[in-house]
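# Structural overview for review
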Amino acid sequence: MTQAGMVRAPLLSILGVFTALGMASFGGGLPGWMHREVVVKRGWMTDEGFLAGVALGQVLPGANSVNLALYIGQQLRGVPGAVLAATGILGPPFLFIIVLALLYARFGEVAGLAAVLGGVAASGLANSLTTGLRAARRLRGIGPWAVVAATFVAVGVLRWPMIPVVAVMIPVSVALAWRNRHAA
Amino acid sequence: MPLDRLLALFLVFAPMSLVSIGGGTSIFAEMQRQAVTVHGWMTDEQFVALFAISRAAPGPGSLISGLIGWEAAGFVGALVAALSLYVPSSILLLGVGHWWRRRGDSPVRRVIERGLAPVAVGLIFAGVYTLMQADGVGWIHWATLLGCAAWLMHGASPYLVMGVVALFYAGLFGLGAV
């Protein structure tokens, strides 16, 4: 079922968008890229629907970016959408990595590549940071901000295992949202 | 024996799929143990080289599974290893997603989504922060991160930002600054 007021995504467009994303994902930051393509540019999904996928994809086993692609594809067009999104996000990098391994086996390391990739990785992370900042601007009230801060400190700064932290934070946060369900 | 190898790859990666919570980083150590110590598909040095390659390529870091399969049994091995790692967790995710999708646009789903949003935002910030603690990250990378984020918030294309940064770092490398 498509979310109310959202644009219906054609299957071929899903494959096209995620194939481009798969190639663009040097240095990570994929959730940021996906948010831009799926929510901001194409209006296939709401911010809330997207963020639910981010949380789900991190909690369940599997690579986070693959899980998020599967989730988006499935919410848009069911299992065919999910398969196409995952194929798009994994196919090109899979072939690329094999070619890279062949080149490496032949020529060894290319000077300067590591330095450039370090910088590109930082700009890739800027995509994720931007997604977080955009979503954070929509949060209202003390409760959601306390949840953001607690999650960040526990997982990012204190390096606590993510699963127990999230297992506590999700019920707390949903309960807060339930209590304030008539606001905003 | 290729078939033996393919079966071994499947038996190594399929169970790992369901414990790879939080993405690839949680299973790198186990991959290394299986590929080098248990099965002897490669040396430690080869594994480190494959790891570097997987970091340099686009896509999730767990695609190193494909490289291990490639070392062990060629292109078919690469396919078997990658599919074994991704398919089981994908089926689990689709099961949960199917249930979620059937909720439709209900008030309960909206409340859950509004509750998940701050947790996801916290996890996004934590992920960025964690990756910025890696070896070799200096103030110049932090400046790059914040500068790029400010630029993106003003609507810049990520492709343009990435291209400019790549040229900038290539220049810095040419000057011997990084």
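Figured I'd write up the structure that's included with this text. (Residues numbered from 1 in each chain as written. Chains lettered and ligands numbered in written order. Predicted model: local features only at pLDDT ≥ 70, side-chain atom pairs only at ≥ 80, totals over all residues. Heavy atoms only, no water.)

## Observations regarding helix α2 (residues 30–41) of chain A
Applicable threshold: Under the scheme used here, helices are H or I runs from DSSP no shorter than 4 residues and strands are E runs no shorter than 2 residues, and both carry numbers assigned from the N terminus. Each helix should span, by expectation, one fewer than its residue count multiplied by 1.5 Å. Only protein chains enter the accessibility calculation, which uses a 1.4 Å probe. A residue is then buried if its area is under 20% of the maximum for its type, exposed if over 50%, and partly exposed in between. The criterion used for residue contact is that any of the two residues' heavy atoms lie within 4.5 Å.
Given a rise of 1.5 Å per residue, 12 residues ought to cover 16 Å, and the 15 Å separating the end C-alpha atoms of α2 of chain A matches this to within 8%. Along α2 of chain A, the positions that sit buried rather than exposed are Leu 30, Gly 32, Trp 33, Met 34, His 35, Glu 37, Val 38 and Val 39 of chain A. Structurally, α2 of chain A contributes buried residues whose contacts are with α1 (11–24), α3 (47–59), α4 (64–107) and α5 (113–137) of chain A together with α7 (158–174) of chain B. Following α2 of chain A by one or two positions, Gly 43 of chain A adopts a phi angle in the positive range, close to 65 degrees.

## Examining the pattern of salt bridges
Residues and elements named next belong to chain A. Using the following cut-off: In the sections that follow, a salt bridge refers to a side-chain nitrogen of Lys or Arg positioned within 4 Å of a carboxyl oxygen of Asp or Glu.
Summed over all chains, the structure comprises 6 salt bridges over all chains. With a closest N to O distance of 2.5 Å, Arg 42 and Glu 37 form a salt bridge. What makes Arg 42 partly exposed here is its relative accessible area of 30%. Residue classification places Glu 37 among the buried positions, given a relative accessible area of 5%.

## Section: the packing of aromatic side chains
Remark: the centre distance and the inter-plane angle together describe each pair of aromatic rings, the angle taken between the planes. What counts, and what does not: Pairing of aromatic side chains requires ring centres within 6.5 Å, counting the rings of Phe and Tyr and the six-membered ring of Trp. Pairs whose planes differ by under 30 degrees are stacked, by over 60 edge-to-face, and all others tilted. Should the NZ of a Lys or the CZ of an Arg lie within 6 Å of a ring centre and within 35 degrees of the ring normal, that charge is described as sitting over the ring.
One pass over the full model with this rule turns up 5 aromatic pairs over all chains. The rings of Phe 152 of chain A together with Tyr 129 and Trp 142 of chain B are connected pair by pair, giving a single aromatic cluster. The residue whose ring lies beneath Arg 42 of chain A is Trp 44 of chain A, and the NZ or CZ to ring-centre distance is 5.7 Å. Cation over ring: Arg 181 of chain A sits above Trp 178 of chain A, and NZ or CZ is 3.9 Å from the ring centre.

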